[in-house]
Amino acid sequence: MKILDETSRTLNEFLLLPGLTTEECTPDNVDLATPVVRHRVGEQSPVRIATPLVSAIMQAVSSPRLAVALAEVGGLSFVHQNQPIGAQVEDVRAVKRHKAGFRTSEINVKPSTTLGEVAQLLGDVDQGVAVVTDDGSAEGRFLGIIGPDDFHLHRHGSGEVVTARMRAYDELTTAPATISLSDANEMIWANRLDVLPVLDGDRLVSLVLKRDYQAHKTFHNASVDSRKRFRVGAGINSRDYADRVPALVEAGADVLCLDSSDGYSVYQKKAIEFVRARYGEKVFVGAGNVVDARAFRYLAEAGADFVKVGIGGGSICITRDQKGIGRGQASALIDVVRERDAYAAETGMYVPVCCDGGLLADYHMAIALACGADFIMLGRYFARFDEAPSRKVRIEGQFFKEYWGEGSRRAQNAARYGHTGEISFEEGVDGFVPYAGSLADNVGLTRTKLKATMVSCGATTLRDFHENAVLVQVSERSYEQNTAEVRLRKRSVDAGE
């Protein structure tokens, strides 16, 4: 037995001291960009994100819809692995079909398709137009487009075929596949177009829509790959990785991450070694979770591209209650970050650290980043939003979103926790979180708060923030001073639906 000479500290037990705010320290000058995967010291990481937030590998959180919304605002989502390989592959492909400013056609019809069928298809998706190809497939020869403004069912009849009302190829303004988004938008405005088909020969590559123009301006820090497709991560486990990893790589997943409550295991090492043996350094895989320097070093030496920190600190995690395992998130981060920097000094390789759990408020994110986290994984935070896949329910006049842990019986995630068959005991709970609206609005507010904190601390980059931040522990008396009884005015709840 060994007893550490420390008190396990949470992020809530620290505050930041203000630093010198210079003329350069303005919110507009603050850069929140951060590396996601390992890289040589002094070089850029192959995968960087403009917003240091990623979504947890959870059924209640990381849907394709949320992945697209998070990529738009500069973050990254990890599609959960507690599903058949084929289903996870389709989730990844659904995200990769989206290109920043360039839409892959979701509706492709044959010339013989009826207007009634087209009207029904247009009502099911957000694309706004259907693409007509010779065989009705996305790979078919491009013939034209048809949208709701091109026909009226009562006037033209639902049985009439699309060729009677479509805008034919030779009547359209089109662009080559090499066009940039800015040039495509210029063509749209110059030619008064609502849609611009982008072609490679006689095959459609993508669509640029006029109504997306404002989104292009708003989401100018989107997380995209070299082909301007949205980036997406995917969770894997240490059991079926030999089958799951190749399928996810083929689908286009940008980053993989081993999903486990305890990552300090030979099983994660074997999974990483499989990826390295098969793909070398071309496929990125993170590992975890860990709470100390030993475990970080073990996974970094095994080849992990980033390491997640946190056991038992999540809002729906009860691992500490059930197994007595864990560590305060602040203590865990400080220990692991110290080892990360030592590893970088020794090897010349920087392995990013992800803070996963123990974050109940936006300012906790600032504390975690000041402690040295490169980016932050969040579950409860994202589960509150419209884009999360769980149901929105009304309880006593207030709206909530369902939220459950991967260690709960509802999740039945045996692969994550090592149970055989049905879960024998729970390490997570099943409940609700207050509904908070859209992801873009909330992430925008969080970014604003993080920037304001960094300005007050005299930092304009996350690296500066970590290196120069001064933190102080907070006593119970300090908490009491901040919790004087004041009857707060309740915000009215928007009835919404």
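Please read these numbers as outputs of a predicted model, since none were measured by experiment.

S.K.: How should I be thinking about the overall build of the protein in this particular structure?
M.R.: The helix and strand tally for the protein stands at 17 helices and 26 strands. The 497 residues of the protein split such that 52% are buried. Summed over all atoms, the accessible surface of the protein reaches about 23600 Å², with 48% contributed by carbon and sulfur.

S.K.: Is there a simple way to explain the side chain of Ser55 in this structure?
M.R.: Take Ser55: it is sitting in strand S5 (residues 53-55). Overall, the relative accessible area of 0% leaves Ser55 in the buried class. Only 2.6 Å separates the side chain of Ser55 from the side chain of Ser62, close enough to count as a polar contact. With sequence-adjacent residues up to four places away left out, Ser55 is seen in contact with Val61, Ser62, Leu66, Leu70, Leu76, Ser77, Phe78, Met377, Leu378 and Phe382.

S.K.: In this structure, what is going on with the pairing of strand S10 (residues 130-133)? I would like to understand it.
M.R.: Regular strands show a simple pattern: their side chains alternate between the two faces of the sheet. Here S10 shows a buried face lined by Ala130 and Val132 and a second buried face lined by Val131 and Thr133. Note that S10 and strand S11 (residues 142-146) share four bridges and pair antiparallel. Across the sheet, the residue bridging to Thr133 is Phe142, located in S11.

S.K.: Which parts of the structure should I look at to understand unusual backbone geometry?
M.R.: Keep in mind that most residues, glycine aside, have a negative phi and that most peptide bonds are trans. The residue after Gly288, namely Asn289, is reached through a cis peptide bond having omega 15°. You will see that Arg192, though not glycine, has its phi angle at about 55°, which is positive. Relative to the helices and strands, Arg192 resides in the loop between helix H5 (181-190) and strand S14 (195-200). Here the phi dihedral of Glu396 falls at roughly 50°; this positive angle occurs in a residue that is not glycine. Mapping Glu396 onto the fold places it in the loop between strand S23 (392-395) and strand S24 (398-404). Residue classification places Glu396 among the exposed residues on the basis of a relative accessible area of 83%.

S.K.: Help me understand the sheet that holds strand S12 (residues 167-168), please; the structure alone is not making it clear to me.
M.R.: Sheet strands line up and pair through hydrogen bonds in the backbone, either parallel or antiparallel. Spatially, the four strands line up as an open sheet ordered S9-S10-S11-S12, and their pairing is mixed. At either end of the open sheet lies a strand with only one pairing partner, and these are strand S9 (108-109) and S12. Across two bridges, S11 lies against S12 in antiparallel orientation. The residue of S12 that forms the bridge with Gly144 is Ala168.

S.K.: What should I look at first to understand the pairing of strand S18 (residues 285-290) in this one?
M.R.: Of all six residues that make up S18, six are buried, and the element is covered over most of its length. For strand S17 (residues 255-258) and S18, the ladder comprises two bridges, and the chain directions are parallel. Each bridged residue has a counterpart across the sheet, and for Cys257 the counterpart in S18 is Gly286. Assessed by its sense of winding, the connection that carries the chain from S17 through helix H8 (residues 266-279) to S18 is right-handed. In terms of strand pairing, S18 meets strand S19 (residues 307-309) through three bridges, oriented parallel. Within S19, the residue paired with Val290 across the bridge is Val309. What joins S18 to S19 is helix H9 (residues 293-302), and the crossover it makes is right-handed.

S.K.: How do you make sense of the side chain of Asp259 when you look at a structure like this?
M.R.: Structurally, the position occupied by Asp259 is in the loop between S17 and H8. Among the polar contacts listed, one links the side chain of Asp259 to the side chain of Gln81, at a separation of 3.3 Å.

S.K.: Even after reading the chapter, I still don't get the nonpolar core, so can you show me in this structure?
M.R.: Taken as a class, soluble globular proteins show a tendency for nonpolar side chains to be buried jointly. Membership of the largest hydrophobic core comes to 103 residues, with the highest contact counts inside it found for Phe78, Leu256, Leu333, Ile376, Phe382, Leu439 and Phe465. A total of seven residues in this core trace back to one element, the largest contributor, which is helix H12 (residues 362-371). Every residue in contact with Ile376, bar those within four places of it in the chain, is listed here: Pro52, Leu53, Val54, Cys354, Cys355, Leu359, Met365, Ala368 and Leu369. Leu115, Leu122, Ile146 and Ala168 belong to the second-largest nonpolar core, a separate cluster that totals 13 residues.

S.K.: Any chance you could explain helix H7 (residues 241-251) here in plain terms?
M.R.: Note: α-helices contain 3.6 residues per turn, so residues at a spacing of three or four share the same orientation. Where H7 is concerned, the buried positions are Tyr241, Arg244, Val245, Pro246, Leu248 and Ala251. Among the structural elements, helix H2 (85-96), strand S16 (233-236), S17 and H8 are those in contact with the buried residues of H7. Backbone geometry just downstream of H7 places Gly252 in the positive-phi region, at approximately 110°.

S.K.: Mind showing me how you'd approach the environment of Val245 here?
M.R.: Examined against the element boundaries, Val245 turns out to sit in helix H7. Classification of Val245 as buried rests on a relative accessible area of 0%. Separated by 11 residues in sequence, Val245 and Leu256 place their C-alpha atoms 8.1 Å apart. Excluding anything up to four places from it in sequence, Val245 contacts Ile236, Leu256, Phe274, Val275 and Tyr279.

S.K.: Even after reading the chapter, I still don't get the environment of Ala368, so can you show me in this structure?
M.R.: Relative to the assigned elements, Ala368 resides in helix H12. With 354 residues separating them in the primary sequence, Ala368 and Phe14 have C-alpha atoms 9.9 Å apart. Ignoring sequence-local partners within four residues, the contact set of Ala368 consists of Leu11, Leu333, Cys355, Leu359, Ala373 and Ile376.

Reading guide: rules and limits
- Residues numbered from 1 in each chain as written.
- Predicted model: local features only at pLDDT ≥ 70, side-chain atom pairs only at ≥ 80, totals over all residues.
- Heavy atoms only, no water.
- Helix = DSSP H or I, 4+ residues; strand = E, 2+ residues; numbered from the N terminus.
- Buried < 20%, exposed > 50% of the residue type's maximum accessible area, 1.4 Å probe, protein only.
- Areas by Shrake-Rupley, 256 points an atom, 1.4 Å probe, with all protein chains shown as cover.
- Polar contact = N/O pair within 3.5 Å; in protein donor to acceptor, adjacent residues only side chain to side chain.
- Contact = heavy atoms within 4.5 Å.
- Pairing = 2+ DSSP bridges.
- Right-handed = clockwise from strand over helix to strand, strands pointing away.
- Core = buried A, V, L, I, M, F, W, Y, C linked by side-chain atoms within 4.5 Å.

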